[in-house]
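# Commentary on secondary and tertiary structure
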Amino acid sequence: MATEADDERFMTVTNDDTSNFIEEMKNDNTKRKTKSDIKLLTEWLKENNELRAIEDISVPELNQYLARFYLSVRSRKNEEYEPDSLKSIQSSINRHLMEKSGINILKDKEFHHSREVLSAKRKHLKSQGLGNKKMKADPFSSSEIDMLFEQNLLGTGNPEALLNTIWLNNTLHFGMRGRKEHTDMLFGDIKMMTTASGEQYLEYNERLTKTRTGHSDSRAFAPKMFATPDNPRCPVNAFKQYIRRRPEDALTPDSRFYLSIKRMVQPDASENAKQTWFTMQPLGKNTLGDLAKKMSMKGGLTGRKVNHSVRKTTVSSLLHSNVEATTVMQLTGHKNVASVNEYSSASLQQQQTMSNILSDIGSGSRGLIPQEPTPNTSFEAKSADFPEDDIFDSVELNEVCKTIENFESVEKNVKINSGKCSTFSILPQASIGNVTINIYNSEK
């Protein structure tokens, strides 16, 4: 007989509930992108007198339709899509078909023709100069970070600098993504901790994100940000300052982490209010999404600096400091080494070093290139010019070779005593097999 406790233990869930739950947990950006691309394909099909839903079209017909679609589709401005944009449209169509009918246009052999057409189209577009736009984010260098501190765009001296610094430190130390993780972040997601030896650090507890959906893809450990007491730019001290400048009501664990800057302070405000730099209003996602870009423009930095630049700085800095890629993955949450290695392009300093080496060669000075061996270090085999004196008659070649401990040394004299033979010194110049030496009598 069921008890009241049993009735409360299990919720009533329908089949529609399970489908709706899956849909709710999908990434919003991915859903919007898929919907937009399916609408685009549907409009193209209608123009070609095909009114059936995409998933209702037979596989052979759909394969031909897709091949023609890839060749003919244009943007709203009637311009060719970027090569990677076409690939992205293909992925959206695949997501839709996998969900509706289990068809995989990326792998099923029945769609080989449409895949080949798309591959050829992308190659053609690249040959026309498309796909060469600089879209990758540039990491920050330490000198650029210094510039931002010197211009008070980073630091703890004003509200804007403090907000930028907190965001930068969170992204840098916790390997956070540019917008989504920051937007959803709550004040209680970061905890102040202390080691057994008394060192303070901040620990971040991650939430669900675009690629971390709560299955087995969370980080191997909770990312940490350790204090650097002797450093005036200590990240933990900056966090303490951020706490001090927040409203008291915004110090609860479920308060939004990033808050809007207070623009005005009343002259007759209390001392506590004057010390508060932020309001209870959460910082907007668009403002969060442009923090790196705005402070870089104000600071006069060059290159494409966006929020992702800081995450790229985290990965590239660790890799260039010889931290293993597998260890970096545990901090950033990347799923494979290949993804991490995509960040490890040569830094500006490394590129300059390579350029200097090549310039050295191009100028003929060869200052950084090993010189050709000099005559007294050459080990090229040549005929030995042995004296015809009979004192060498009893010296066997194998005995000489056994006595040579290191024939690559050009400075070592090796003495040999054999029977009636006088003392010898072996010096470079003649040859025994592949060893270039010279033998002379040291007692004359």
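Up top you'll find the structure we're talking about.
In what follows, the accompanying structure is described.

Calculation rules
Just so you know, the residues in each chain are numbered from 1, in the order the chain's sequence is written. In view of the model being predicted, local features appear only for residues whose pLDDT reaches at least 70, and side-chain atom pairs are presented and counted only at 80 or more, with totals across whole chains, interfaces and linings using the full set of residues. To obtain the side-chain values, all non-hydrogen atoms of the structure were included, while hydrogens and water were left out. Only runs of H or I of at least four residues qualify as helices and only runs of E of at least two qualify as strands under DSSP, and these elements are numbered from the N terminus. The classification of residues rests on relative accessible area computed with a 1.4 Å probe and restricted to protein chains. Under 20% of the type maximum is buried, over 50% is exposed, and intermediate values are partly exposed. Note on contacts: a residue pair qualifies if any of its non-hydrogen atoms lie within 4.5 Å across the two residues. Per-residue accessibility takes into account occlusion by the displayed protein chains alone, with areas from the Shrake-Rupley method and a 1.4 Å probe. Nonpolar side chains (Val, Leu, Ile, Met, Phe, Trp, Tyr) are joined into patches within 5 Å and like charges within 9 Å, using only residues with over 30% relative accessible area and no salt bridge. Between Lys or Arg on one side and Asp or Glu on the other, a salt bridge is scored when a side-chain nitrogen of the former is within 4 Å of a carboxyl oxygen of the latter. Here an axis means a line fitted to C-alpha atoms, over the contact stretch when the element is a helix, while the angle between two N-to-C directions is reported on a 0 to 180 degree scale. Here the word oblique covers every angle except those under 35 degrees (roughly parallel), over 145 (roughly antiparallel) and from 65 to 115 (roughly perpendicular). For any helix crossing, the convention is left-handed if the near helix is rotated counterclockwise from the far helix by under a right angle, and right-handed if that rotation is clockwise. Any two strands with at least two DSSP bridges between them are considered paired. Each residue gets one of three labels, nonpolar for Ala, Val, Leu, Ile, Met, Phe, Trp, Tyr, Cys and Pro, charged for Asp, Glu, Lys and Arg, and polar for the others, Gly among them. Each residue after the first adds 1.5 Å to the expected span of a helix. By arc we mean the arc of the directions from the helix axis to the C-beta atoms, nothing more.

What follows deals with the overall build of the protein chain. Each helix and strand counted, the protein chain has 18 helices and seven strands in total. For the protein chain, with 444 residues in total, the buried portion stands at 34%. For the protein chain, the share of sequence-separated contacts (at least 6 apart) that also reach a separation of at least 24 residues comes to 57%. Working note: accessible area of the protein chain is about 27700 Å², and carbon and sulfur atoms make up 50% of it.

Attention shifts here to a nonpolar patch on the surface. Together, I357, L358 and I361 give the surface a local cluster of nonpolar side chains, amounting to about 260 Å² of exposed area. With respect to the element layout, I361 can be found in helix α17 (residues 348-362). The class for I361 is partly exposed, based on a relative accessible area of 42%.

Quick look at the packing of helix α14 (residues 308-320) against helix α15 (residues 325-332) now. Interhelical geometry of α14 versus α15 gives an angle of 155° and a closest axis separation of 10 Å. One way to sum up the angle between α14 and α15 is to call them roughly antiparallel. Along this stretch, α14 crosses α15, giving a crossing that reads as right-handed. Contacts between α14 and α15 pair R311, T314, V315, L318 and L319 from the former with A325, V328, L331 and T332 from the latter.

A separate point is the sheet that holds strand β2 (residues 200-204). Across the sheet, three strands lie side by side as β1-β2-β3; this open sheet has antiparallel pairing. Whereas interior strands pair on both sides, the edge strands pair on one side only; in this sheet they are β1 (190-194) and β3 (224-226). Averaged over all neighbouring strand pairs, the angle between strand axes comes to 25°, with direction disregarded. Two strands pair when backbone bridges link them, and β1 and β2 are joined in this way by five bridges, in the antiparallel orientation. What sits directly across from T194, in β2, is Q200. With respect to the sheet, helix α10 (residues 235-245) is in contact with β1, β2 and β3, its orientation differing from that of β2 by roughly 70°.

Relative to each other, helix α4 (residues 59-72) and helix α6 (residues 112-127) sit at 10°, their axes nearing to 8 Å. By the angle between their directions, the pair α4 and α6 is classed as roughly parallel. Across the interface between the two elements, N63, Q64, L66, A67, Y70 and L71 from α4 touch H112, H113, S114, V117, L118 and K121 from α6. Residues belonging to the contact of α4 with α6 are distributed by class as follows: six nonpolar, five polar and one charged.

What follows covers helix α3 (residues 28-47). If you check α3, its first and last C-alpha atoms are 29 Å apart, about what 20 residues at 1.5 Å a residue would give, namely 28 Å. Three or more residues of α3 are buried, namely T34, D37, I38, L41, W44 and L45. Projected onto a plane normal to the axis of α3, the buried residues spread over an arc of 120° and lie on a single side. α3 presents R32, K35, K39, K46 and E47 as exposed residues on the side facing more than 90 degrees away from its buried surface.

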